[in-house]
Amino acid sequence: MISSLAEKFFLGAFLFILFSASCRLSVISQPATVSTANGTGPIYEISAGRSWQGTGIRLRSGETIQIQFISGEIQDGEAVIRGSTGAGWACDDKDCCEPMPFEQRDALIGRVGDNFFLIGDQNEIPSPADGELQLRINDCDAGLFDNSGSFKIRISH
Ligand SMILES: [Ca+2]
């Protein structure tokens, strides 16, 4: 009886650990930092050192989002990037590890579902699909470690 209870306990603990681990692994996007300023709508802070960052904004396919760059300067290794258009060069090969290898490194990019799109300095973008708007800069996941800084943008839709 005691050993059976102990077994149940250890099995439960094991399943809990397994469940917790799988929850952590399944988190593919982290929330962006959101703040409000002057009552003019939320400002999203997109960190250069993080992968896809969720905005909580649910879009429908074809719905237009308005994006206004507010401020920010990021660093990718030795490079300092001012503005959201990128570092001035693209890897330009389908085997490159950036999420969008044919767009400029470090440009602001978005995705809805599996559809990636360049944001850069565009002010209006139609959503390519239904789903949550997620943002990041166009650097490889393995290259995020040497990034710092963030962009602040205002999004309305
Ligand atoms: Ca980097």
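Structural data are supplied above this passage.
Because the structure is a prediction, the values reported are computed rather than measured.

A.B. asks: Sorry, what's going on with the sheet that holds strand β8 (residues 115–118) here?
C.D. replies: Within a sheet, each strand pairs with its neighbour through backbone hydrogen bonds, oriented either parallel or antiparallel. Strand order in the open sheet formed by five strands is β1-β4-β10-β7-β8, and the pairing between neighbours is mixed. Here the strands that pair on one side only, and so sit at the sheet edges, are β1 (30–31) and β8. As defined by bridge partners, strand β7 (residues 108–112) adjoins strand β10 (residues 131–137) across five bridges and the pair is classed as antiparallel. Opposite isoleucine 109, over in β10, you have arginine 136 as the bridge partner.

A.B. asks: Hey, could you run me through the nonpolar core in this one?
C.D. replies: In globular proteins that are soluble, nonpolar side chains generally tend to be buried together. Counting residues in each nonpolar core, the largest one holds 22 residues, and the members touching the most others are Ile46 and Leu108. Secondary-structure elements contributing two or more residues to this core are β3 (42–47), β4 (53–59), β5 (64–76), β7, β10 and β11 (147–156). Ignoring any residue separated from it by four or fewer positions in sequence, one finds leucine 108 in contact with Ile46, Ser84, Ile119, Gly120, Leu135, Ile137 and Phe151.

A.B. asks: So what exactly am I meant to see when it comes to the environment of serine 148 here?
C.D. replies: Along the chain, the position of serine 148 falls in strand β11. Overall, the presence of 13 C-beta atoms within 10 Å leaves serine 148 in the partly exposed class. If near-sequence neighbours (up to four positions away) are discounted, serine 148 is found in contact with Ala48, Gly49, Ile74 and Gln75.

A.B. asks: Would you take a moment to explain the pairing of β11 for this structure?
C.D. replies: Along a regular strand, successive side chains alternate from one face of the sheet to the other. With five bridges connecting them, β3 and β11 associate as antiparallel partners. Considered in β11, the bridge of tyrosine 44 is made with isoleucine 153.

A.B. asks: I keep staring at unusual backbone geometry and nothing clicks. Help me out?
C.D. replies: Excluding glycine, most residues fall at negative phi; most peptide bonds, likewise, are trans. Despite not being glycine, aspartate 92 has its phi angle at roughly 65°, a positive value. You can see aspartate 92 is positioned in the loop between β6 (79–82) and β7. In this model, aspartate 106 sits at a positive phi of 75°, which is unusual for a non-glycine residue. Within the secondary structure, aspartate 106 is located in the loop between β6 and β7.

What counts and how
Residues numbered from 1 in each chain as written. Predicted model: local features only at pLDDT ≥ 70, side-chain atom pairs only at ≥ 80, totals over all residues. Pairing = 2+ DSSP bridges. Helix = DSSP H or I, 4+ residues; strand = E, 2+ residues; numbered from the N terminus. Core = buried A, V, L, I, M, F, W, Y, C linked by C-beta atoms within 7 Å. Buried ≥ 20, exposed ≤ 12 C-beta atoms within 10 Å, placed from the backbone. Contact = placed C-beta atoms within 7 Å.

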